[in-house]
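# An overview of the molecular structure
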Amino acid sequence: MQFTGSPPSLESDPGGGGGRGDCYGRLPDSESYYRNSLKHGGPSRSHRRTSVNGYALAGAILASTNSILLGYDIGVMSGAALYIKEDLQISSTQEEILVGCLNIFSLIGSLAAGKTSDQIGRRYTILLAAATFFLGAILMGIAPSFPFLMAGRVVAGIGVGFSLMIAPVYSAELSPASTRGFLASLPEVFINVGILLGYISNYFLAGLPASLNWRVMLGLAALPALLVGFAVVFMPESPRWLVMKGRFAEAKRVLIKTSSSEEEVESVDSRVNEMVKASLDLPSNGPSWHELISPRSNAIRRIVIAAIGVNFFMQASGNDAVVYYSPEVFKDAGISSKRQLVGVTVIMGVAKASFALVSALFLDRFGRRPLLLLGSTGMAVSLALLGLGSKYLDQCQDDKPVWAIVLCIVAVCADVSFFSIGLGPITWVYSSEIFPMRLRAQGSSLAISVNRLVSGVVAMTFLSVSEAMSFGGMFLALSGVMVMASVFFYCYLPETKGKTLEEIGLLFEDQDDESRRLFVS
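What you see is a predicted model; the values in this text were computed from it and never measured. (Residues numbered from 1 in each chain as written. Predicted model: local features only at pLDDT ≥ 70, side-chain atom pairs only at ≥ 80, totals over all residues. Heavy atoms only, no water.)

Scanning the protein chain for helices and strands turns up 26 helices and 0 strands. Here the protein chain, with 521 residues, has 61% of them falling under the buried criterion. Once local pairs closer than 6 in sequence are excluded, the contacts in the protein chain between residues at least 24 apart make up 83%. (Helix = DSSP H or I, 4+ residues; strand = E, 2+ residues; numbered from the N terminus. Buried < 20%, exposed > 50% of the residue type's maximum accessible area, 1.4 Å probe, protein only. Contact = heavy atoms within 4.5 Å.)

So, in structure tokens, the structure goes:
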């Protein structure tokens, strides 16, 4: 615990000072209260409203701007790698290492981000992420050699790890329950905006000399990092982090500013008290990794499995690798011009970004499960068609039919679009909202570390495995992975739409038969 004794009464001491009072008397400490709340769709109908609070939206947008950095790197490397390979004379294996190492080293940032954000706060962790990536982008932009370029990607990767963990957690903790899906999915929207900006950068900078274009492409990533650094001073701190630190008056002020209805403003005292209760079992030295790796309760075990599972399948789907190596995929399909290759990737980026925004807008209306299952089954079908189309083109030597090339292009666009509808945004939302408050930062950190590890492994082996079994075989295998993912999501991921962060944990507890039906409602 970060505070001692009884938490102060918010009614008797509006300033949030150290007085003792009737705070515990107002805590909804009955298990039946929460269970009845879940059965009736939540404690307040105000949570069902869809209006977005401007203050919360601005904070989530500024936090999510960091995610542009990862998206831009994914998009720009798909084109920059072509010119790096030509300029620095590197092999395909070195290209895989160059592309994938950023994801591997983002493990360091994502693992460190949980403890760091609990200690210095969510806001300053966002600043740390931006500063680290800014340094990495500068190093990549001035890199005179392959080892120097690798060093820049290592530093940038650590920044990406911090950013991927903290942006959705901050957005989820700042957001009202009624709009949390939309605001916590903004990091994925911004990742896709970054990917699109990377593709556009590739297209317009491709005409520069090969020794210069890729350096400009990579160095431009420093600009959004600089923007985030300046924007942090205008961002509010997470109210739940403030409660953990005993700063109740500040938490109350933030909650009032981020409320989306009069009912939510009137219930601020009770909402803070719920947060206080959720933080009461926080050990004095903070949460331990042991509780996550070897959980004692069934509820925590199910939460960890759900969070790790959705993050594993997000990257095992091969989406990042498809985006990174899309020029190689399209080249294998029969498109030879570098300019045309980059142009097709721009079309793919537009589709990917558009569907990410559509998903974010409808996530709080339709819920997590329906969109996640739609996205994963759509990806399975799209990858199967892409695999079959690629297999057919492999049989054609010189005269490749246009319809088969078009099929492959459409299938790739469909694959990334279904990813943007389901796994893309919902992974970040789910990882940031299902852990209890005392474990949220480190739990998200663990889940996203798995995400980064799998992404790095897939990115660093995609070309080698595809050369061994062909692109067609690779895509058919990924289709099978998405079938397994759909089964996992259906069986293990409950619906969290409209629930407060303090209520969600009950969905994973051992309950009676009637409550169990809520698990998949």
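Turning to the pattern of salt bridges, a few remarks are in order. Per the stated rule, a full pass over the model turns up 10 salt bridges. Between Glu95 and Lys85 there is a salt bridge; the shortest N-O distance is 3.5 Å. Of this pair, Glu95 sits in helix 5 (residues 92-120) while Lys85 sits in helix 4 (residues 67-88), placing them 10 residues apart in sequence. Note that Arg247 and Glu250 form a salt bridge whose closest N and O atoms lie 2.9 Å from each other. Within this structure, Asp118, Arg122, Glu173 and Arg440 form a network of salt bridges that share partners. (Salt bridge = Lys/Arg side-chain N within 4 Å of Asp/Glu carboxyl O.)

Take the packing of helix 21 (residues 368-395) against helix 23 (residues 423-433) next. Helix 23 packs onto helix 21 with a crossing angle of 140° between their chain directions and a minimal axis gap of 9 Å. With respect to their mutual orientation, helix 21 and helix 23 come out oblique. Pair helix 21 / helix 23 crosses with left-handed handedness. In this structure, helix 21 contributes Arg368, Leu371, Leu372 and Met379 to the contact, and helix 23 contributes Leu423, Ile426, Val429, Tyr430 and Glu433. (Axes fitted to C-alpha atoms, helices over the stretch in contact; angles between N-to-C directions. Parallel < 35°, antiparallel > 145°, perpendicular 65-115°, else oblique. Left-handed = near helix turned anticlockwise from the far one by under 90°.)

Let us now look at the nonpolar core. Burial of nonpolar side chains together is a common tendency in soluble globular proteins. Met77, Ile84 and Phe462 are the most contacted members of the largest nonpolar core, which totals 140 residues. Here this core gets 18 residues from one element, more than from any other, and that element is helix 24 (residues 440-492). Setting aside chain neighbours within four positions, we find Met77 in contact with Tyr72, Ile84, Leu98, Val99, Arg153, Leu218 and Tyr324. Listed in part, the 10 residues of the second largest apolar core include Ile68, Val189, Phe190 and Ala356. (Core = buried A, V, L, I, M, F, W, Y, C linked by side-chain atoms within 4.5 Å.)

This next bit is on the packing of aromatic side chains. Considering all chains together, one arrives at 11 aromatic pairs under this definition. Considering the side-chain rings of Phe312 and Phe313, the 5.2 Å spacing of their centres and the 80° angle between planes classify their relative orientation as edge-to-face. Exposure remark for Phe313: the relative accessible area of 10% places this residue in the buried category. Seen from their ring centres, Phe462 and Phe471 are 6.0 Å apart, and the 40° between their planes marks the pair as tilted. With respect to burial, Phe462 and Phe471 carry one shared label: buried. Aromatic rings pair up to connect Phe312, Phe313, Phe488, Phe489 and Tyr492 into one cluster. (Phe/Tyr/Trp six-rings, centres within 6.5 Å; stacked < 30°, edge-to-face > 60°.)

Take the packing of helix 7 (residues 146-174) against helix 24 next. At a minimum axis separation of 9 Å, helix 7 and helix 24 run at an interaxial angle of 140°. Between helix 7 and helix 24, the angle is such that the two are oblique. Like other packed secondary-structure pairs, helix 7 and helix 24 cross with a definite hand, here right-handed. From helix 7, Leu164, Met165, Val169 and Glu173 reach across to helix 24, where they touch Arg440, Ala441, Ser444, Ser445, Ile448 and Arg452.

The next thing to look at is unusual backbone geometry. The phi dihedral of Gln89 falls on the positive side, at around 55°, and the residue is not glycine. Phi at Ser470 is positive, roughly 75°, even though this residue is not glycine. Within the element layout of this structure, Ser470 appears in helix 24.

Turning next to the side chain of Asn202. Within the secondary structure, Asn202 sits in helix 9 (residues 186-205). When sequence neighbours within four positions are dropped, the list of residues in contact with Asn202 reads Gly75, Val76, Ser78, Gly79, Ala80, Met217 and Val342.

With that settled, consider the side chain of Asn311. Within the secondary structure layout, Asn311 lies in helix 17 (residues 298-316). Judged by relative accessible area, Asn311 falls into the buried class, the value being 0%. Here Ser431 takes part through its side chain, which lies 2.7 Å from a polar atom of the side chain of Asn311. Here Asn311 is in contact with Thr427, Trp428, Ser431, Ala447, Ile448 and Asn451, once residues within four sequence places are set aside. (Polar contact = N/O pair within 3.5 Å; in protein donor to acceptor, adjacent residues only side chain to side chain.)

Moving on, we get to helix 4. When the local axis directions of helix 4 are compared, the greatest deviation, roughly 40°, occurs at Met77. When you tally the buried positions in helix 4, you get 19 out of 22 residues, the bulk of the element. Just beyond helix 4, the residue with positive phi is Gln89, at close to 55°. (Bend = angle between axes of the 7 residues up to and from the residue.)

A separate point is a nonpolar patch on the surface. Judged by side-chain polarity, Leu357, Val358, Leu361, Phe362 and Phe366 come together as a nonpolar surface patch covering roughly 440 Å² of accessible area. Within the secondary structure layout, Phe366 lies in helix 20 (residues 338-366). (Patch = residues over 30% accessible without salt bridge, like charges linked within 9 Å, V, L, I, M, F, W, Y side chains within 5 Å. Areas by Shrake-Rupley, 256 points an atom, 1.4 Å probe, with all protein chains shown as cover.)

This brings us to the environment of Thr461. Looking at the element boundaries, Thr461 is found in helix 24. Along the sequence, Thr461 and Ile97 sit 364 residues apart, while their C-alpha atoms lie 8.7 Å from each other. Polar contacts involving the side chain of Thr461 include one to the main-chain carbonyl oxygen of Val457, which spans 2.7 Å.

Right, let's get into the environment of Val310. Within the secondary structure layout, Val310 lies in helix 17. Measuring from C-alpha to C-alpha, the distance between Val310 and Ala485 comes to 8.1 Å, with 175 residues separating the pair along the chain. Not counting chain neighbours up to four residues away, the residues in contact with Val310 comprise Leu423, Thr427, Ser431, Phe488, Phe489 and Leu493.

The next subject is the confidence of the model for the protein chain. With 84% of its residues at a pLDDT of 70 or more, the protein chain has an overall mean of 79. Across residues 1-49, confidence stays below pLDDT 50; counting only partners more than four residues off in sequence or on other chains, it has 105 contacts. Every residue in residues 512-521 scores below 50 in pLDDT, and together they form 18 contacts with partners more than four places removed in sequence or on other chains. (pLDDT = per-residue confidence, 0-100.)

The subject of this paragraph is the environment of Asn66. Examined against the element boundaries, Asn66 turns out to sit in the loop between helix 3 (54-64) and helix 4. The exposure class of Asn66 is buried, given its relative accessible area of 2%. Taking the C-alpha atoms as reference points, Asn66 and Phe190, separated by 124 residues in sequence, lie 8.2 Å from one another. With sequence-adjacent residues up to four places away left out, Asn66 is seen in contact with Ile126, Ala129, Ala130, Ser163 and Val228.

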